[in-house]
Amino acid sequence: MVRMMAWATGVVLVTALGAGAGPGAGSEEAPPPLKPPKHGVYVVAHRGAHEGIPENTLAAYRQAIELGVDFVEIDLRLTRDGEYVSVHNSTVDDYVTGGLT
């Protein structure tokens, strides 16, 4: 799984979670310094602001930014056919009703 954290200003950090991967893996460049939190502590919108909006959608990410969060955490997963999707769980079972046929 890949975790992406985007500052509301548009800077993106991507971290691959797995053996041998992580911040700075294979890179000599240091990540940019964090800006001070807007609210005294960093406010992170995990999956975006998803009250009344489907989580892990552009609408949820935009709403979180409009609400003034410091970061939007985006979970990315690689599908079997090699495409990245923004979904938190490893299966779609929690996102569909009636099952797949």
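Look up a bit, the structure's there.
Residues numbered from 1 in each chain as written. Predicted model: local features only at pLDDT ≥ 70, side-chain atom pairs only at ≥ 80, totals over all residues. Heavy atoms only, no water.

### A look at the overall build of the protein chain
Quick reminder of the rule: Here a strand is any run of E in DSSP of at least two residues, a helix any run of H or I of at least four, and the numbering for each starts at the N terminus. Between buried and exposed lies partly exposed: a residue is buried under 20% and exposed over 50% of the maximum accessible area for its type, with that area taken using a 1.4 Å probe on protein chains only. Per-residue and other accessible areas were derived by the Shrake-Rupley procedure at a 1.4 Å probe size, with only the shown protein chains allowed to occlude residues.
Tallying secondary structure elements over the protein chain gives 1 helix and 5 strands in all. When the 101 residues of the protein chain are sorted by exposure, 25% land in the buried category. Accessible surface, the protein chain: about 7100 Å² in total, of which carbon and sulfur atoms supply 57%.

### Points about the nonpolar core
Among soluble globular proteins, nonpolar side chains are generally buried collectively. For clarity, the threshold we go by: Throughout, nonpolar core names a set of buried Ala, Val, Leu, Ile, Met, Phe, Trp, Tyr and Cys residues whose side chains join them through atoms within 4.5 Å.
Ranked by size, the top nonpolar core spans 8 residues in total: Ala45, Ala49, Tyr61, Ala64, Val69, Val72, Ile74 and Leu76. Looking at this core, the elements that each hand over two or more residues are helix 1 (58–67) and strand 4 (71–78). Among the elements that make up this core, the one with the highest residue count is strand 4 (3 residues).

### Quick notes on the environment of Lys38
Tracing the backbone through its elements, the reader meets Lys38 in the loop between strand 2 (12–16) and strand 3 (44–46). Considering only alpha carbons, one finds Lys38 and Val69, 31 residues apart in sequence, at a separation of 7.9 Å.

### Brief notes about the pattern of salt bridges
As a reminder, the rule being used: Salt bridges are counted wherever a side-chain nitrogen of Lys or Arg sits within 4 Å of a carboxyl oxygen of Asp or Glu.
Scanning the model with the defined rule gives 1 salt bridge in all. Ionic pairing is found between Glu55 and Arg47, a salt bridge with its closest N-O pair at 3.2 Å. Given a relative accessible area of 21%, Glu55 falls into the partly exposed group.

### Let's talk about a nonpolar patch on the surface
Condition: What makes a patch is a set of residues exposed beyond 30% relative accessible area and free of salt bridges, joined within 9 Å when like-charged and within 5 Å when nonpolar (Val, Leu, Ile, Met, Phe, Trp, Tyr).
Together, Leu34, Tyr42 and Val44 give the surface a local cluster of nonpolar side chains, amounting to about 250 Å² of exposed area. In this fold, Val44 is placed in strand 3.

### Details of the environment of Glu55
Positionally, Glu55 belongs in the loop between strand 3 and helix 1. Spatially, the C-alpha atoms of Glu55 and Val87 are 8.3 Å apart, while their sequence positions differ by 32 residues.

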